[in-house]
Protein chains: 2
Amino acid sequence: MSYELLVEGDVCTPSGYKAAGITAGIKVSKKPDLGILLSDVPAQCFAVFTTNKVAAAPVHLCKAILSSNQPVRGVIVNSGNANACTGKAGMDNARTMVTMAQQQFQLPPDSLLVCSTGIIGQPLPMDCIQAAIPSLAKELQPTGGHHFSEAILTTDTRTKHIGAKISTSQGDVYIGGCTKGSGMIHPNMATMLAFVTTDIALPADFKAEYLQMIADSFNSITVDGDTSTNDTCLLLANGASGLSYHELSLSEQGAFRKGLFAVLESLAKMIVKDGEGATKMVQIQVKNAKTRTMARVVSRFVANSKLVKTAIFGEDPNWGRLLSSAGSSGQEIDGDAIDIWIGEHMVVQQGCGTGISRELLRKEVCKEEYTITIDLHIGDAQAQAWTSDLSYEYVRINAEYTT
Amino acid sequence: MSYELLVEGDVCTPSGYKAAGITAGIKVSKKPDLGILLSDVPAQCFAVFTTNKVAAAPVHLCKAILSSNQPVRGVIVNSGNANACTGKAGMDNARTMVTMAQQQFQLPPDSLLVCSTGIIGQPLPMDCIQAAIPSLAKELQPTGGHHFSEAILTTDTRTKHIGAKISTSQGDVYIGGCTKGSGMIHPNMATMLAFVTTDIALPADFKAEYLQMIADSFNSITVDGDTSTNDTCLLLANGASGLSYHELSLSEQGAFRKGLFAVLESLAKMIVKDGEGATKMVQIQVKNAKTRTMARVVSRFVANSKLVKTAIFGEDPNWGRLLSSAGSSGQEIDGDAIDIWIGEHMVVQQGCGTGISRELLRKEVCKEEYTITIDLHIGDAQAQAWTSDLSYEYVRINAEYTT
């Protein structure tokens, strides 16, 4: 019992979803900047939002809408403007945007969520949005997932979407998703957004499972180590397949969970690969930590180290930086117990360099993707993080922008 | 009652200290790489070491020697090799280095400390060190502080030293210090070292005061956010002035503390200014936090943000990144209460941009040094951090090195 990844999949791959993406004129570039994703019937929604204490208006509004634990019909998303650090006027604009769309699509109150991404500190251009909503309605269709995945982009260089199919004894279940984010590039360009749909019906208590999956996927990637004001991951489950998670066999449930995690992990890795100035994606695998939290903290600390990220860019198999970075993660680890591998090559054994040939290592670190494994030898918990490298292009993108 | 900074001061400025710095051949460059600092009489020693769990052999040895709480006579220091990640052989080498120097200078056991800085994972070249110790003895002199400050450098572009004089009713007291560090440049070049001397006698309970001062000086700077395997700050107090801290008046004690903190802060800032590829030094001042810990965490988080550091390099008055970074520091702050100033210009008021002219701000952020103030408005604690910018040169230095 397993799942099949669908590389062409998107949020409309599961049954019962329609989407659209159009140019409303919020972006100066005239690229698509307004999208909508709707389920034909009310869908259970699981949501994870930024932990940033400076959260944007749409984040506050989504939390308020979801606090009733009622199903929703979908989400309207704009790019080009984050509606963050905009005060009370920003909350009013987010509410107005939702209300206008609910009226257009004849949806009841509090049935639509809203996400924004783009420049911080500027008022949302409500006239553009109001004028564009009827066009959004015209474009809405069951094959609109790709247009939706375009409309949510900011400085991303490409759309990021995928799907999965799980075959069960009672029929097929689909999962689809798209995401955006490549860092916080422009002075105030923010945000990672992800939208995942499925046509299975999910019970409310699936939330804990979803949070765990987010921790191991989107929360395990780092481009620049900063959390944005607008980060949002939504999962919609509308039951349109006629199947319910609880009715599946245990092995079918396992296949669904694996498929969902594969979609989340694939989307998260797409963000790292499209990270600002990224030339490589490296997995930092931490093994045999005392606790899963320790493994997570160490893997993310190493993944986020400027010294490690510049060494990855420089194709320098620098085990000293890896060891020192793990040691400075603030966790109670034992420096004399640590083993480190770059790819299949052991470079550190019990805290000392193994003296392995630099030429062997260079072959590994010149690859576009490879894995660094850090074995702490003090327990049996593990976690991984994915990181991009820190390149000249990263500095250029982040330093040279001026408004 | 105050203190006077002595810009030409060094570790030999206070009475009763001798020092030397020579080329032992540890560095390929043939630059000075072995130094010694000795007090004529036993001196009270206050020490702060790296919190990195991968601590180097000399750090372990110093901790063992100081665990007796006995006074010491001084410290021998080599640059070019960190004696880190070198296992049991590294501990043996550190002990041998100390023993050889104690014999040469006719010092009792456990009276000399040792610091190393340089490449990680390579054995100390003990033959070079053994052959050079007699020359160190020949060069030892009361004016050797400058040579000592040269011998401790690795990738620093300049020596970093300063002194201070405090005049009291009973006579003058002096403080002197030097430091090294500009990041962890070479694949395995590590470490911040600092050596501070004074000719006042300090009571053992001055330690708490010293730790606080280190927290507010050396622990408030960031170049790359990584803690090295060898970081060490030593303060030696030999009483050679004939004066004791407890015999001073309260205002004279205050002047001494201010003078000592000024020396520590000056040395710490010299490290930031000489940071890898640094073109600017910016103070991140956090005001009105709930606790001092909160103020410290927020100031350091913002100071260490890649997005903030690249914006500083790009001379971009990017208040959105400052606000978002403060919000993602993990502290329980209120995003809607925050005010932010760049120099004297208020850029954020209660979480919203003030719309101040970008031209006014550009004048400020084009300066080599300026201050960013973040007022959290939820308490009355404050702290500051100093940061360098993240430049192309930083990436070049850290990426292009290959062994």
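Residue numbering note: each chain is counted from 1, following its sequence as written. All chains are assigned letters beginning at A, and all ligands numbers beginning at 1, according to the order in which they are written. Local features are withheld for residues below a pLDDT of 70 in this predicted model, meaning they are given only at 70 or higher, and side-chain atom pairs are given and counted only at 80 or more; totals for whole chains, interfaces and linings count all residues. Where side-chain values are given, they derive from all heavy atoms of the structure, hydrogens and water being excluded.

## Focus: the overall build of chain A
How we decide: Secondary structure is summarised from DSSP: a helix means a run of H or I of at least four residues, a strand means a run of E of at least two, and numbering begins at the N terminus for each. C-alpha atoms define the radius of gyration in this analysis, and the globule rule sets the expected value at 2.2 Å times the number of residues to the power 0.38. Think of it in three bands: residues with accessible area under 20% of the maximum for their type are buried, residues over 50% are exposed, and the middle band is partly exposed, with areas taken using a 1.4 Å probe on protein chains only. Contact between two residues is taken to exist if any of their heavy atoms lie within 4.5 Å; hydrogens are not considered.
What chain A contains, in helices and strands, is 11 helices and 16 strands. Expected size for 403 residues packed as a compact globule is a radius of gyration near 22 Å; at 22 Å, chain A falls within 12% of this value. Counting the 403 residues in chain A, one finds 62% classified as buried. Of the contacts formed within chain A by residues at least 6 apart in sequence, a portion of 80% connects residues at least 24 apart.

## A word on the interface of chain B and chain A
What counts is decided by this rule: Note: buried area is the sum, over both parts, of the accessible area (probe 1.4 Å) each one loses when the two are combined. A pair is scored as a salt bridge if a Lys or Arg side-chain nitrogen falls within 4 Å of a carboxyl oxygen belonging to Asp or Glu. Polar contacts, as used here, are pairs of N or O atoms within 3.5 Å; protein pairs need one atom able to donate a hydrogen and one able to accept it. Residues neighboring in sequence count only if both atoms are side-chain atoms.
Taken together, the contact between chain B and chain A spans 62 residues of the former and 62 residues of the latter. Of the roughly 4,600 Å² buried at the junction of chain B and chain A (both faces included), carbon and sulfur atoms supply 56%. Contact with chain A buries area across many residues of chain B, yet Lys53(B), Lys306(B) and Tyr392(B) alone supply 17% of it, more than any other trio. Along the contact surface separating chain B from chain A lie 2 salt bridges. Of the charged contacts in the structure, one is a salt bridge between Lys53(A) and Glu332(B), with a shortest N-O distance of 3.0 Å. For the interface between chain B and chain A, the tally reads 10 residue pairs in polar contact (both at pLDDT 80 or more). Contributing elements (two or more residues each) for the side of chain B that touches chain A: helix H7 (292–304), helix H8 (306–313), helix H9 (319–327), strand S14 (352–353), helix H10 (358–365) and helix H11 (392–400) of chain B.

## Concerning the pattern of salt bridges
Proximity of charged atoms lets side chains of opposite charge pair with each other. As enumerated under the stated definition, the model contains 32 salt bridges over all chains in all. Salt-bridge contacts for Lys367(A) lead to Glu364(A); the nearest nitrogen and oxygen are separated by 3.1 Å. With a relative accessible area of 38%, Lys367(A) lands in the partly exposed category. Ionic pairing is found between Arg95(B) and Asp92(B), a salt bridge with its closest N-O pair at 3.5 Å. With Arg95(B) and Asp92(B) both in helix H2 (residues 87–104) and 3 residues apart, this pair spans about one turn of that helix. One network of salt bridges, in which partners are shared, links Asp156(A), Arg158(A), Lys160(A) and Asp274(A).

## A few points about the packing of aromatic side chains
A ring pair, where both rings are aromatic, is described by two values, the distance of the centres and the angle of the planes. We count it as follows: Only Phe, Tyr and Trp rings are paired, with Trp represented by its six-membered ring, and only when their centres lie within 6.5 Å; those with planes under 30 degrees apart are stacked, over 60 edge-to-face, the remainder tilted.
A complete count under the given rule lists 14 aromatic pairs over all chains for this structure. A ring pair is formed by Tyr245(B) and Phe256(B), whose centres lie 5.9 Å apart and whose planes are at 65 degrees; its orientation type is edge-to-face. Placement of the pair is Tyr245(B) in the loop between strand S10 (232–237) and helix H6 (250–273) and Phe256(B) in helix H6, with a sequence separation of 11 residues. Within the aromatic cluster, the residues linked to one another by ring pairs are Phe46(A), Phe206(A), Tyr210(A), Tyr245(A) and Phe256(A).

## Things to note about the packing of helix H1 (residues 57–66) of chain A against helix H2 (residues 87–104) of chain A
Axes are the key here: two packed helices are described by the angle between their axes and the distance separating the axes. All names here are of chain A. Selection criterion: Throughout, an axis means a line fitted to C-alpha atoms (over the contacting stretch in the case of helices), and angles, computed between N-to-C directions, take values from 0 to 180 degrees. Roughly parallel means an angle under 35 degrees; roughly antiparallel, over 145; roughly perpendicular, 65 to 115; everything else is oblique. Working rule for handedness: look at the near helix, and if it is turned counterclockwise from the far one by less than a right angle, call the crossing left-handed; if clockwise, right-handed. Under the scheme applied, nonpolar residues are Ala, Val, Leu, Ile, Met, Phe, Trp, Tyr, Cys and Pro; charged residues are Asp, Glu, Lys and Arg; polar residues are all the others, including Gly.
At a minimum axis distance of 8 Å, the contact between H1 and H2 shows a crossing angle of 60 degrees. Looking at the two axes, H1 sits oblique to H2. For the crossing formed where H1 meets H2, the hand is right-handed. Contacts from Ala 57, Pro 58, His 60 and Leu 61 in H1 reach Gly 90, Met 91, Ala 94, Arg 95 and Val 98 in H2. Across the contact of H1 with H2, the residue classes break down as 6 nonpolar, 2 polar and 1 charged.

## Let's talk about the relation of the copies chain B and chain A
Applicable threshold: To superpose the copies, least squares is applied to the C-alpha atoms of every residue with a pLDDT of at least 70 in both.
Of the transformation placing chain B onto chain A, the axial shift is 0.0 Å and the rotation is 180 degrees, giving an RMSD of 0.0 Å. Interpreted geometrically, this transformation is the action of a two-fold axis. Judged by C-alpha distance, Tyr392(B) is the residue of chain B that lies nearest the rotation axis, at 2.8 Å. A shared binding surface is used by both copies, with 100% of the interface residues of chain B retained as interface residues in chain A.

## Let's talk about the confidence of the model for chain A
Definition in use: As a per-residue quantity, pLDDT reports the predictor's confidence and falls between 0 and 100.
Averaged over every residue, the pLDDT of chain A is 92; the share at 70 or more is 96%. This model gives residues 185–189 of chain A a pLDDT under 50, and the stretch forms 25 contacts once residues within four places in sequence are excluded.

## A word on the packing of H8(B) against H9(B)
All names here are of chain B. Where H8 contacts H9, the two axes come as close as 9 Å, and the packing angle between them is 160 degrees. On the basis of the axis angle, H8 is roughly antiparallel to H9. For the pair H8 and H9, the sense of crossing is left-handed. For the pair formed by H8 and H9, the contact residues are Leu 307, Val 308, Thr 310 and Ala 311 on the first element and Arg 321, Leu 322 and Ser 325 on the second. For the contact of H8 with H9, the per-class residue count stands at 4 nonpolar, 2 polar and 1 charged.

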